[in-house]
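Take a look at the letters that make up each chain.
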Amino acid sequence: MPGDHIRQGHQMDFLERSYQGKSHDADALVLTCIDFRFPHQIVDYMDSLTPPGKPKITYDHIVLAGASLGVFSGVFPQWATTFWDHLAVSIKLHRIKQVYLLDHRDCGGYREFGALPTTDQAPVGSEIETQIHQHYMDRLAILIRNTHPDLEVISHLLDLPPTASASGSRTNQKGKTTRRGS
Ligand SMILES: [Zn+2]
């Protein structure tokens, strides 16, 4: 499994011991960017997934700059270990069944890490922006499915909140959701 190579003995013990605490399961683990404009968007999106009359979806939350791209960043390779270890902990402690990969438009992480060109070449809300995010979300979804075939992986590109100003042109394209998995 990704991340195994740097685990210490006591960390392996933690992952291999059966959990002794009081059980409280969650439905999912959510991966998002650090961007300060999106916490409400994330909560609203996750709440919107709950069918009427059903209990709200529950989820653990891991945050990396760039969200999906953060796992692949050559700039901070330790973030990959952080992600895979948190996925393992989330599975162990809360027996999650789904992973949500929530990238967002106008992501400074994507531009800073070189995955997205300038806003002139890839304006906020453009199809090229959508495709680049989908590429990295799909890559991560495949890796998760390869290592954890029981998990359903859902990717979604969040639109800018209505009050946020983009660094490029106005956002004009709805986020897309892709489901991958069982
Ligand atoms: Zn971001």
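Here the structure is shown first, and the text comes after it.
If you're wondering where the values come from, they're calculated on a predicted model, not measured in any experiment. (Residues numbered from 1 in each chain as written. Predicted model: local features only at pLDDT ≥ 70, side-chain atom pairs only at ≥ 80, totals over all residues.)

1. What to know about the overall build of the protein chain
Logical step 1: The number of helices and strands found in the protein chain is six helices and five strands.
Logical step 2: Mapped from its N terminus to its C terminus, the protein chain presents α and β elements in the order α-β-α-β-α-α-β-α-α-β-β.
Logical step 3: Put simply, the protein chain has 182 residues, and 33% of those count as buried.
Logical step 4: Taking all contacts inside the protein chain whose residues are at least 6 apart in sequence as the whole, residues at least 24 apart take part in 76%. (Helix = DSSP H or I, 4+ residues; strand = E, 2+ residues; numbered from the N terminus. Buried ≥ 20, exposed ≤ 12 C-beta atoms within 10 Å, placed from the backbone. Contact = placed C-beta atoms within 7 Å.)

2. Some words on unusual backbone geometry
Logical step 1: Residue arginine 95 is not a glycine yet carries a positive backbone phi of 50°.
Logical step 2: Relative to the helices and strands, arginine 95 resides in the loop between α4 (78-94) and β3 (98-104).
Logical step 3: In this structure arginine 95 comes out as partly exposed when scored by C-beta crowding, with 13 C-beta atoms within 10 Å.
Logical step 4: Residues other than glycine seldom take positive phi values, yet aspartate 106 does so here, at roughly 60°.

3. Considering the nonpolar core
One recurring pattern in soluble globular proteins is that nonpolar side chains are buried together.
Logical step 1: Among the nonpolar cores identified, the biggest contains 37 residues, and Leu29, Val30, Leu31, Val99, Leu101 and Leu102 are the most heavily contacted of them.
Logical step 2: Every element with two or more residues in this core is listed here: β1 (28-32), α2 (39-48), β2 (59-63), α3 (68-72), α4, β3, α6 (127-147) and β4 (152-158).
Logical step 3: The dominant element in this core, judged by the number of residues it contributes, is α6, at six residues.
Logical step 4: Aside from chain neighbours lying at most four places away, what touches valine 30 is Ile42, Met46, Tyr59, His61, Tyr100 and Leu102. (Core = buried A, V, L, I, M, F, W, Y, C linked by C-beta atoms within 7 Å.)

4. Considerations on α4
Logical step 1: If you check α4, its first and last C-alpha atoms are 24 Å apart, about what 17 residues at 1.5 Å a residue would give, namely 24 Å.
Logical step 2: For α4, the set of buried residues is Phe83, Trp84, Asp85, Leu87, Ala88 and Ser90.
Logical step 3: Once α4 finishes, arginine 95 follows within two positions and takes phi at roughly 50°, a positive value. (Expected span 1.5 Å × (residues − 1).)

5. Side note on α2
Logical step 1: Of the residues making up α2, those classed as buried are Gln41, Ile42 and Met46. Here the buried residues of α2 occupy an arc of 125° about the axis, which is enough to place them on one side. Set apart from the buried face of α2 by more than 90 degrees, the exposed residues are His40, Asp44, Asp47 and Ser48. (Arc of directions from axis to C-beta.)

6. What about the environment of tyrosine 110?
Logical step 1: Here tyrosine 110 lies in helix α5 (residues 108-112).
Logical step 2: Residue tyrosine 110 is classed as buried on the basis of its C-beta count, with 26 C-beta atoms lying within 10 Å.
Logical step 3: Sequence separation between tyrosine 110 and glycine 66 is 44 residues; the distance between their C-alpha atoms is 5.6 Å.

7. Topic: the environment of histidine 148
Logical step 1: Tracing the backbone shows histidine 148 in the loop between α6 and β4.
Logical step 2: Distance from histidine 148 to alanine 88, taken between C-alpha atoms, is 9.6 Å for residues 60 residues apart in sequence.

8. Description of the environment of alanine 80
Logical step 1: Looking at the element boundaries, alanine 80 is found in helix α4.
Logical step 2: Assessed through the 19 C-beta atoms surrounding it within 10 Å, alanine 80 is described here as partly exposed.
Logical step 3: For alanine 80 and leucine 64, which are 16 residues apart along the polypeptide, the C-alpha to C-alpha distance reads 9.6 Å.

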